[in-house]
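A closer look at the structure
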Protein chains: 2
Amino acid sequence: MCLGTTGLTGMYSSPMSQKPLRRVVVTGGTHGNEMSGVYLVQHWLQDPRELQRPSFSAMPVLANPEAVATCCRYIDYDLNRAFTSTILNSKATPDDPYEVRRARELNQLVGPKSSDQAFDFLLDLHNTTANMGACLILESSYSIFTLHLCHYLKLQNPDLSCCVFQYLFSRKESLGLDSVAKNGLTLELGPQPQGVLRADIYSQMRALVISAMDFIELFNQGTAFPAFDMEIYKTLDRVNFPLTEDGALAGTIHPQLQDQDLEPLKPGAPIFKLFNGEDVLYEGDSTVFPLFINEAAYYEKHLAFMKSEKITISVPALSALTSASTLAL
Amino acid sequence: MCLGTTGLTGMYSSPMSQKPLRRVVVTGGTHGNEMSGVYLVQHWLQDPRELQRPSFSAMPVLANPEAVATCCRYIDYDLNRAFTSTILNSKATPDDPYEVRRARELNQLVGPKSSDQAFDFLLDLHNTTANMGACLILESSYSIFTLHLCHYLKLQNPDLSCCVFQYLFSRKESLGLDSVAKNGLTLELGPQPQGVLRADIYSQMRALVISAMDFIELFNQGTAFPAFDMEIYKTLDRVNFPLTEDGALAGTIHPQLQDQDLEPLKPGAPIFKLFNGEDVLYEGDSTVFPLFINEAAYYEKHLAFMKSEKITISVPALSALTSASTLAL
C-alpha cells in the first residue's frame, strides 16, 4: 500500500561531501541489553577483519560498557537520547549521570557532533522486542548517500525484507548516537528479548553490517549508483497504553495487533485488550502502519506503539566520486 | 516418545492430608520482570472474584514488589532461591539483602515452611523467554494431589499442550517460593520477553489459574479423581554455554536448537553456533528433551539449557474427602 509519492524536496538536509568515507564507526551496546550489537562489537574488537576494506577500516565501539556489564538498557539515563548540544557542550560536574559522561566521551571519540572533525559515518546496532524484522532507521535529516545505503542493504539481503523507517523527533535536534557522525544509520532488528542473543538475529545483523561496509567500499572506489524509488515508513505519532486512574496499565496490546508491526492498521481494528475484558479500537480516520508494538523498553514511557505512514520517495542518482578523490585513497 | 514407565514408588514424598484446602495463595512477581503474574496478581488484588469459590478464597500476593517496581528479576538476590531453612531461620541483620528479608516476610505470611500453620497450596506464576509453552513445574517432592491438579489442567486446557516438568534440585532442599506451603505448583509460560506483557500468554495463565481454583473446589466438595498415566519431563542436568578463556560467551544457541524446547535432541545434533562459525554438537549418548533454551535470566549463570528425560508415570486415584471433612466446610 502506498499512501503517497514524493520527490526529495525538503526530505533530507544532511550535506554529503563528495569525498571517500575514511572514518567509519560501528557501535553496539548503546543499550546494554540489546545483545546482537553487544556481541558483534565484542567479536570485532577481537577480530576486526569483517570491518576492513581496502579504502577504510571501520572502528568497532562498545557504546555503553557499564550498561553492558549489568545487562540493562542504561545505568542513569538513556544514552541514545543524550546527544543534544546542551548535554554535549555543558560543563562537566561530578554529579553528572554516567551516560551524560559517556555521551561526552563518545562525542570526543567520533565527533564532535556537527563539526568537520566528526567521523564520516556511524552505524548503530539495536534490537527490539517488537516483530519489526530488519528495520533501517534514518534520522530526521538524512543524506542521499544514506538512502542509497538502505537501498543497497535491501537489494543485497532480500531474505530480510528490510524496511526503512524515518524517525522524526518531536524536537528539532536529533538526540541519538548516530547523529554525532556526519551521517549515520541505526539497524533495529527483532524480535529478540532483552538479554537474549538469538543466532538468527545475530547473523542477520552481521550480514547487514558486512553489506554496509561493502557499499561504502564501492562508493569509495568510484562506483556510481542510479536513481530509484523506495518505500519508507515515516513517523506520525505515538500511541500510549490505556492507564488506570492510578497511572497503572489498564490493559495490554490486543492479541490481533501483537506482532503485526508494519502491517496496515485500519480504523475500527482492536488495539488494546483491557484487563476487564473490553477491547479498545483504533479511532484514527486513516490506515496507518504501527511499529515498536509492545517494545519492552517503552513501558517506562507508557508507549504502546508508534504509528507511521508509508510513502514512496524518489531518490536521485548518487554520483561517482571524481577520480581525483578516489586516487587520494 | 517415552523413555520409561514407572510407578510411584519413591516418586513423591509430600504428605497430603485428607482435608479440604482452605488456605490457598497465588503469587506473581516473584521475578519482577515476568509480567503475566505481575499483572494478574495486581488485577486480582483489585478484583478477587476469579479466585473465589464456595469452599475457599485464594489470596493473591505480589511476591517481590521492589523488583516489580524497577522491572528487574531481583534487587539483591534471586527470591526464588531464598527459601532455604538456613535463610528463613537465621537471625535478621540490618545488612540482609532485600530478598532475604522478603523471603522471611513471605514465610511468615504463607508458612512457616514445613509447619502445620503453612498454607495448604501455593501457585507461583512465572514467565520464560524460552519457547516452553505452558509448563507446569513440580518440586522435587510432590503429592498425588498436585499430580491430579496437573492432569486436570491438561484436560481442561487442551489448546495449551501443557507439559509437566519435575525440577530436581542438585541439593536436597527445595529453594523456591512454592516450597513454603504444604503443596505447590509453579506455572512457567513462554515465550515472553522480560518486561513485556503479551495478551496471549496473559490469558493462558489466567485460564490455568482459574482451572486450578476449579480443581481445588471440586476436591473440597468431595469429588474423587480416577487413576491415570501421565508423561512428565524430569531434570537430568544443565548444559552451559561455551566460553572463551576470558569467561565470555564463545557462541550462542544453534539456530536449529533455538525454540525447540521439549523436542527430542539426538546425539550429534548441533547445539551451539560459535562466533567463529563452527558448530558444537550434542555429545550425549541418548536422546534428551531440552528446556529453558536461551532463557535470558540464566545468562548470568552461563546456563544455555536444561536437559530432561521423558517418562510416563502411573498416578493412583485421588480419593474423595470423607463427608465429615466436606461437611466441615
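Since the model is a prediction, treat every value here as computed from it, not as a measurement. (Residues numbered from 1 in each chain as written. Chains lettered and ligands numbered in written order. Predicted model: local features only at pLDDT ≥ 70, side-chain atom pairs only at ≥ 80, totals over all residues. Heavy atoms only, no water.)

This part is about the overall build of chain A. Check the secondary structure of chain A and you find seven helices and 15 strands. Summarising its shape, the C-alpha atoms of chain A cover approximately 70 × 50 × 40 Å along the three principal directions. Residues counted as buried form 59% of the 329 residues belonging to chain A. Contacts in chain A between residues far apart in sequence, at least 24 positions, make up 77% of those at least 6 positions apart. As displayed, chain A has an accessible area near 13300 Å², and 50% of this comes from carbon and sulfur atoms. When the 25 positive and 36 negative side-chain charges of chain A are each reduced to one mean point, those points stand 7 Å apart. (Helix = DSSP H or I, 4+ residues; strand = E, 2+ residues; numbered from the N terminus. Buried < 20%, exposed > 50% of the residue type's maximum accessible area, 1.4 Å probe, protein only. Contact = heavy atoms within 4.5 Å. Areas by Shrake-Rupley, 256 points an atom, 1.4 Å probe, with all protein chains shown as cover. Lys, Arg positive; Asp, Glu negative; His and termini not counted. Charge placed at Lys NZ, Arg CZ, Asp CG, Glu CD.)

We now examine the pattern of salt bridges. Residue and element names in this part refer to chain A. All chains considered together, the criterion is met by 28 salt bridges over all chains. Of the charged contacts in the structure, one is a salt bridge between Glu173 and Lys113, with a shortest N-O distance of 3.9 Å. With Glu173 in the loop between β8 (163-166) and β9 (183-190) and Lys113 in the loop between α4 (98-110) and β6 (121-127), this residue pair connects regions lying 60 residues apart in the sequence. For the salt bridge of Asp120 with Lys182, the shortest nitrogen-to-oxygen distance reads 3.8 Å. One end of the pair, Asp120, is in the loop between α4 and β6; the other, Lys182, is in the loop between β8 and β9, and 62 residues separate them in sequence. When its relative accessible area of 16% is taken as the criterion, Asp120 is described as buried. By relative accessible area, Lys182 is classed as partly exposed at 32%. It is possible to trace a salt-bridge network through shared partners that takes in Glu34, Arg73 and Asp78. (Salt bridge = Lys/Arg side-chain N within 4 Å of Asp/Glu carboxyl O.)

Residue and element names in this part refer to chain B. Inspection of the secondary structure puts Phe305 in strand β15 (residues 303-315). As a C-alpha pair, Phe305 and Arg238 span 67 residues in sequence and 6.1 Å in three-dimensional space. In this structure, Phe305 is in contact with Arg238, Val239, Ile253, Leu257, Leu265, Ile271, Phe272, Pro290, Leu291, Phe292 and Ile293, ignoring residues within four places of it in sequence.

This part is about the relation of the copies chain B and chain A. For these two chains of identical sequence, chain B goes onto chain A by a turn of 180 degrees and a shift of 0.0 Å along the axis, with RMSD 0.0 Å. Both copies are brought into coincidence by an operation consistent with a two-fold rotation axis. For chain B, the residue whose C-alpha comes nearest the rotation axis is Pro193(B), separated from it by 2.3 Å. Same-surface contact between copies: 100% of interface residues of chain B are shared with the interface of chain A. (Least-squares fit on C-alpha atoms with pLDDT ≥ 70 in both.)

Another point: the interface of chain B and chain A. Each side of the interface is counted separately: chain B has 23 residues, and chain A has 23 residues. For the chain B and chain A pair, buried surface summed over both sides reaches about 2000 Å², with 61% attributable to carbon and sulfur atoms. When residues of chain B are sorted by the area they lose upon contact with chain A, Leu197(B), Ala199(B) and Phe275(B) head the list and together hold 27% of the total. In this structure, the connection of chain B to chain A is made through two salt bridges. (Buried area = accessible area lost by both parts, 1.4 Å probe.)

Moving on, we come to the environment of Lys182(A). All names here are of chain A. In this structure, the C-alpha to C-alpha distance between Lys182 and Phe228, residues 46 residues apart in sequence, is 23 Å. Of the polar contacts made by the side chain of Lys182, one reaches the backbone oxygen of Asp116; its length is 2.8 Å. A polar contact of 2.8 Å, which involves the side chain of Lys182, links it to the backbone oxygen of Ala118. (Polar contact = N/O pair within 3.5 Å; in protein donor to acceptor, adjacent residues only side chain to side chain.)

As a further point, take helix α6 (residues 199-220) of chain A. Between the first and last C-alpha of α6(A) there are 32 Å, a value that for 22 residues agrees with the 32 Å anticipated at 1.5 Å per step. Following α6(A) by one or two positions, Gly222(A) has its phi on the positive side, about 100 degrees. (Expected span 1.5 Å × (residues − 1).)

All names here are of chain B. Read from one edge of the open sheet, three strands run β11-β12-β13, paired in antiparallel fashion. Looking along the sheet, the strands with just one partner apiece sit at the ends: β11 (251-253) and β13 (279-281). Between one strand axis and the next, the sheet turns through 30 degrees on average, direction left out of account. When strand β12 (residues 270-274) meets β13, the two strands line up antiparallel, connected through three bridges. Along β13, the bridge assignment pairs Lys273 with Asp279. (Pairing = 2+ DSSP bridges. Axes fitted to C-alpha atoms, helices over the stretch in contact; angles between N-to-C directions.)

Residue and element names in this part refer to chain A. In the sheet, β8 pairs with strand β10 (residues 228-240) via two bridges, with the strands oriented parallel. Residue pairing across strands places Gln166 opposite Lys234, the latter belonging to β10. Here β10 pairs with strand β15 (residues 303-315) via twelve bridges, running antiparallel. Residue pairing in the sheet places Thr235 in a bridge with Ser308 of β15.

All names here are of chain B. It is at 9 Å that the axes of helix α5 (residues 144-156) and helix α6 (residues 199-220) come closest, and there the two elements cross at 125 degrees. With respect to α6, the element α5 is oriented oblique. The handedness of the crossing between α5 and α6 comes out as right-handed. Note on element contacts: α6 touches α5 through Leu208, Ser211, Ala212, Asp214, Phe215, Ile216, Leu218 and Phe219, opposite Phe145, His148, Leu149, Tyr152, Leu153 and Gln156. Broken down by class, the residue content of the contact of α5 with α6 amounts to ten nonpolar, three polar and one charged. (Parallel < 35°, antiparallel > 145°, perpendicular 65-115°, else oblique. Left-handed = near helix turned anticlockwise from the far one by under 90°. Nonpolar A, V, L, I, M, F, W, Y, C, P; charged D, E, K, R; others polar.)

Glancing now at the confidence of the model for chain A. Caution applies to low-pLDDT parts of the model: their predicted coordinates are not meant to be read in detail. All names here are of chain A. Summarising the model, chain A shows a mean pLDDT of 92, and 91% of its residues fall at 70 or more. This stretch, residues 1-15, has a pLDDT under 50; its non-local contacts, to residues over four places away or in other chains, come to 44 contacts. Overall fold confidence (pTM) sits at 0.93, and the ipTM for the predicted complex is 0.91. (pLDDT = per-residue confidence, 0-100.)

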